[in-house]
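# Inside the fold
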Amino acid sequence: MPTSAEKTPARWESLPSWLLTQTANHAHRLVAEAFSSVGARGYHYRLLATLEEFGPASQAALGRRSGIHLSDMVAAVNELADRELVERAPDPSDRRRNIISLTAAGKRQLRQLEKKLAAGQDELLAPLSPEERQRLTELLSRLLDHHNRRTGTPDEPWR
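One structure accompanies this document, and this report is about it. (Residues numbered from 1 in each chain as written. Predicted model: local features only at pLDDT ≥ 70, side-chain atom pairs only at ≥ 80, totals over all residues. Heavy atoms only, no water.)

## Thoughts on the pairing of strand β3 (residues 94-102)
Rules: For two strands to count as paired, DSSP must find a minimum of two bridges between them. Counting from the N terminus, the helices are the DSSP runs of H or I reaching at least four residues and the strands are the DSSP runs of E reaching at least two.
The pairing of strand β1 (residues 57-58) with β3 spans 2 bridges and is antiparallel. Counted as the bridge partner of A57 is I100 from β3. Pairing between strand β2 (residues 86-91) and β3: 6 bridges, direction antiparallel. For V86, the partnering residue across the bridge sits in β3 and is L102. Hairpin connection from β2 to β3: 2 residues lie between these consecutive antiparallel strands.

Here it is, written out as structure tokens:
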């Protein structure tokens, strides 16, 4: 049992911002653990999913679409290329640029990551009914959309 020195101040416990932050910390941990169990990271999922949805792209375009900063893109693409989950090929229209594409092994890895992600979501939302999960998702989407519009932030995947 926590002592009074370890307990969260009551005035924080009902603040939506504090609740969202604490829940986001658990969400991040659950997803990171799920992905690491198959030797992957969140960037890997984002890149593989972006390639599957939009097709081959330059590293710069892939970074913009996936919301991954260019400085992190090179390392993430290198990791995926080393595991033969993506391929790099020179862009025929500009030999200075590489085009990244998803391999068959990358598609299989993406399916595995999607299963791990679904299990993490289930664990995170375990105390909620299917209807409550849907409603929570709707409310969070509405909040995010509102703040993205206010700040001019484009709809980007997990930052």
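Next comes the rest of the write-up.
## Here we look at the nonpolar core
So the rule is basically this: The definition of a nonpolar core used throughout is a set of buried Ala, Val, Leu, Ile, Met, Phe, Trp, Tyr and Cys residues joined through side-chain atoms within 4.5 Å. The cut-offs for exposure are 20% and 50% of the maximum accessible area for each residue type, with area from a 1.4 Å probe on protein chains only; residues under the lower value are buried, those over the upper are exposed, and the others partly exposed. Residue contacts are defined here by distance: any two heavy atoms, one from each residue, within 4.5 Å place the two residues in contact.
Grouped together as the largest cluster of nonpolar side chains are 24 residues, with contacts concentrated most on F35, Y45, L47, L48, L62, V86 and L113. Those elements giving two or more residues to this core turn out to be α2 (16-36), α3 (42-54), α4 (59-66), α5 (70-82), β3 and α6 (104-124). Residues contacting L113, with those up to four places away along its chain left out, are F35, V38, A40, Y45 and L48.

## Overview of the packing of α4 against α5
Condition: To obtain each axis, a line is fitted to C-alpha atoms, and for helices this fit is confined to the stretch in contact; angles are then taken between N-to-C directions over 0 to 180 degrees. Should an angle fall under 35 degrees it is called roughly parallel, over 145 degrees roughly antiparallel, and 65 to 115 degrees roughly perpendicular, with every other angle called oblique. Gly is placed with the polar residues, together with every amino acid not listed as nonpolar (Ala, Val, Leu, Ile, Met, Phe, Trp, Tyr, Cys and Pro) or charged (Asp, Glu, Lys and Arg).
It is at 10 Å that the axes of α4 and α5 come closest, and there the two elements cross at 110°. On the basis of their axis angle, the class for α4 and α5 is roughly perpendicular. Between α4 and α5, the residues in contact are Q59, A60, L62, G63 and S66 and L70, M73, V74 and V77, respectively. Here the residues of the contact of α4 with α5 are counted per class, giving 6 nonpolar, 3 polar and no charged.

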